Amino acid sequence: MVYTRKVGLCGILSIFVTLIFMFLFTQVSFAKTPLSSAKRIGEPSAAYINDEVIIRFKPEVVADSTQFAKLSASLHKEIGARVLKESRTVRGLQLVKLPPGTKVTDAVVKYKRNASVLYAEPNYIIRCSAIMPNDPNFSSLWGLHNTGQLVNGVAGTVDADIDAPEAWNYTTGTGTIIIAVIDSGVAYDHPDLSGNIWVNSGEVAGNGRDDDGNGYIDDVRGWDFVDEDNDPYDFNMHGTHVAGTIAAVGNNAQGVTGVNWRAKIMPLRFMDAMGFGDTYDAIEAINYAARNGAHIINCSWGGSSYSQALKDAIDGFPGLVVCAAGNEGSNNDSFPDYPASYTCPNIISVASTDQNDGLAYFSNYGASSVDVAAPGVNIYSTVPGRKQIFFDGMTNLGNWTVDYPWGLSTVIFYSSPSSATDSPSGNYAANSNVTLTLKNPVDLSSERGAKLEYKLRLDTEQGYDGLFVEASTDQVNWTTISGYTGYSSYFMPMEEDLSAYDGKPAVYIRFRLFSDEIINYDGAYIDDVRITTISGWSYEYADGTSMAAPHVAGLAGLVKAIQPGYGYSQLRDAVLRGVDVKSSLSGKVATGGRINAAKALSSVATLPPKGTIDKPAQGATVSGTVTVS
């Protein structure tokens, strides 16, 4: 199995992994085979899945189903491709798999030459926001109400917020507004979200039929486009965090509150447990949202590659699409980040501000390409809980079957007193192929969302030597989960998706160091190995334009609650008109401001606000553990 990392999250996790390189193989070989598909994790790039192409045939071609089927089959046969997926919502849109040895660029040229094809393009890798509520952690939500309080150890500036309490005098939202969270899924059983999860009333749960005829069986609460099933649960955390900022249930004496207390969240999962997905699945999720009544979409993800197919999907969505501007600290006017930089009239592109109304250091910006800013630093929100089912601090190697010369290093380690390394006495040997294998299997028979987490320091010849992380259920057939090559001077926090092994009673893990016959370096050091699975629920802090965008999506839902007849143009105008202009944002975003929910709602309200809200005393202190996303 090829483990493919695809669309990444718009949080700032990528800054921690810029010195490790990843490679992918269908068949693994050693000696002098160069790792030609190596790429840097988290690096913005125009990369694409190396054996897939997105094709759309012309409308007049697909009008005749019989002739289209023949023409399509003939064209794919000529190239040697096969159809992986056919869009349920866009006739003539297909995802095809190329035969081994065929370059994507060559196949795209061949498809484009055919007069029946509207366009063909790679499947791009896009890199994986009334009364005072009684929610106990409301004081953590500085973005909604900033009194200058300490949040996560950082002091803010009074009123550097979106004036959410003032806005709630107009409305706290209604359950008729549907906001699609197209992301890594949503922990729909989280007690602060479960009451606001969209339910497909046209579908009967568990009967194995497509009751509403929308092409999806038993899609009672959305769809999982990664595993192609009706369970869009979040094994990452990103989508759940986004959902909580949009519409965690307000005033329920539980955890936090969303910008919108009552909107319905439609969970659409197109990113895996590591926060990566692909363009085709993103398109299908957008089309699902359109077909099933979503009014607003939140897209807290992006990448540097232009996709006509993705733009077409957004153009075809009848509602508002809120997009994170990206986290490279760059100017989107010069270096576009998609989908935020598409020229679709229904998009709002969102930058991130900090607790003092400054542009966040990581936030992308653009005087003409980014519309507005919203809070996106130290944002506290809902996440799925995790439990640890295995841990080894590498103080000894009793849990491992050791292939010499793997051993312990008491000189280089992440946590005292030691780490595991492939060559304790010096550089690794030429033509190495040595393993460190978990001796006793991990039982995942009743688990879900399994992840392998560890710390890695690496010094290998870039592109030729490296470390494989592999899994097996029988210690005979091993699957490559990830591979790394290159250099890092310090220990990096690594995560690997093991959810493919959920439900398996015996799962083995191994680390395998390999090298060719020349240029040998210090090798790999591994520490603090753990396996975790989904368990319960929690709350965490996160940074990123991913966290800013959902503030805007939640606000748009409040505007829609007051003016249900508004289309995307009117929603967009209301949000962008109601901003607090800030000098820190001048020349950085088109409006020059950060959203203000009260101003936006006052501009569309037909009735005056209910009354003045009593504000809490200033100076409340909040602390917690930072989790970047």
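Here we summarise the structure given alongside this text. Note that this is a predicted model, so its numbers are computed, not measured.

Next up on the list: the side chain of Glu 284. Turning to its location among the elements, Glu 284 is positioned in helix H6 (residues 279-291). One buried charge, Glu 284, has no salt-bridge partner; the nearest side chain with opposite charge is Arg 88, at 5.0 Å. Of the polar contacts made by the side chain of Glu 284, one reaches the backbone nitrogen of Arg 88; its length is 3.3 Å. For Glu 284, the contacting residues outside a window of four places in its chain are Glu 86, Ser 87, Arg 88, Thr 89, Tyr 216 and Phe 225.

Right, let's get into the pattern of salt bridges. Side chains that differ in charge, positive against negative, can pair when their charged atoms come close. By the definition in use, this model includes 19 salt bridges. For Lys 97, the salt bridge goes to Asp 51, with nearest N and O atoms at 2.5 Å. Pair noted here: Lys 97 is in strand S5 (residues 93-97) and Asp 51 is in strand S3 (residues 48-57), with a separation of 46 residues, a long-range link. Among the ionic pairs, Glu 470 bridges to Arg 512, the shortest N-O distance being 2.3 Å. In this pair, Glu 470 sits in strand S22 (residues 466-472) while Arg 512 sits in strand S25 (residues 508-514), placing the two residues 42 residues apart along the sequence. Judged by relative accessible area, which is 8%, Arg 512 ranks as buried. Each of Asp 357, Asp 580, Lys 582, Arg 594 and Lys 599 takes part in a single network of salt bridges with overlapping partners.

A few words on the nonpolar core. If you look at the biggest cluster of nonpolar residues, it comprises 69 residues, and the most contacted ones within it are Ile 265, Ile 296, Val 350, Val 552 and Leu 555. Sequence-distant contacts of Val 350, that is, excluding residues within four places in its chain, are made with Val 322, Cys 323, Ala 324, Ala 325, Val 370, Val 372, Ala 373, Ala 374, Thr 545, Ala 548, Ala 549 and Val 552. Residues Ile 54, Val 90, Trp 223 and Ala 294 belong to the second largest nonpolar core, which totals 40 residues.

On to the state of the cysteines. Put plainly, a disulfide is one covalent bond tying together the sulfur atoms of two cysteines. Scanning the model with the defined rule gives zero disulfides in all. Of all cysteine sulfurs, the one in Cys 299 lies closest to Cys 323, which takes part in no disulfide; the gap is 4.6 Å. Sulfur of Cys 344: no disulfide; nearest cysteine sulfur belongs to Cys 323 and is 8.1 Å away.

So, about the sheet that holds strand S6 (residues 117-124). Sheet architecture is open: four strands sit in the order S4-S5-S3-S6, paired in antiparallel fashion. Because the sheet does not close on itself, it has two edges, and the strands there are strand S4 (82-86) and S6. The sheet shows a mean angle of 30° between the axes of neighbouring strands, taken without regard to direction. As defined by bridge partners, S3 adjoins S5 across five bridges and the pair is classed as antiparallel. Each residue of the ladder has a partner; that of Glu 52, found in S5, is Lys 97. Along the sheet, helix H3 (residues 104-113) contacts S3, S5 and S6; its crossing angle with S3, the most-contacted strand, is approximately 10°.

For Asn 292, the location among the structural elements is in the loop between H6 and strand S12 (296-299). Among the residues examined, Asn 292 registers a relative accessible area of 13% and is labelled buried. Along the sequence, Asn 292 and Met 266 sit 26 residues apart, while their C-alpha atoms lie 9.4 Å from each other. With sequence-adjacent residues up to four places away left out, Asn 292 is seen in contact with Ile 178, Trp 198, Asn 200, Asp 212, Asn 214, Asp 219 and Met 266.

Conventions and cut-offs
Residues numbered from 1 in each chain as written. Predicted model: local features only at pLDDT ≥ 70, side-chain atom pairs only at ≥ 80, totals over all residues. Heavy atoms only, no water. Helix = DSSP H or I, 4+ residues; strand = E, 2+ residues; numbered from the N terminus. Buried < 20%, exposed > 50% of the residue type's maximum accessible area, 1.4 Å probe, protein only. Lys, Arg positive; Asp, Glu negative; His and termini not counted. Salt bridge = Lys/Arg side-chain N within 4 Å of Asp/Glu carboxyl O. Polar contact = N/O pair within 3.5 Å; in protein donor to acceptor, adjacent residues only side chain to side chain. Contact = heavy atoms within 4.5 Å. Core = buried A, V, L, I, M, F, W, Y, C linked by side-chain atoms within 4.5 Å. Disulfide = S-S within 2.5 Å. Pairing = 2+ DSSP bridges. Axes fitted to C-alpha atoms, helices over the stretch in contact; angles between N-to-C directions.

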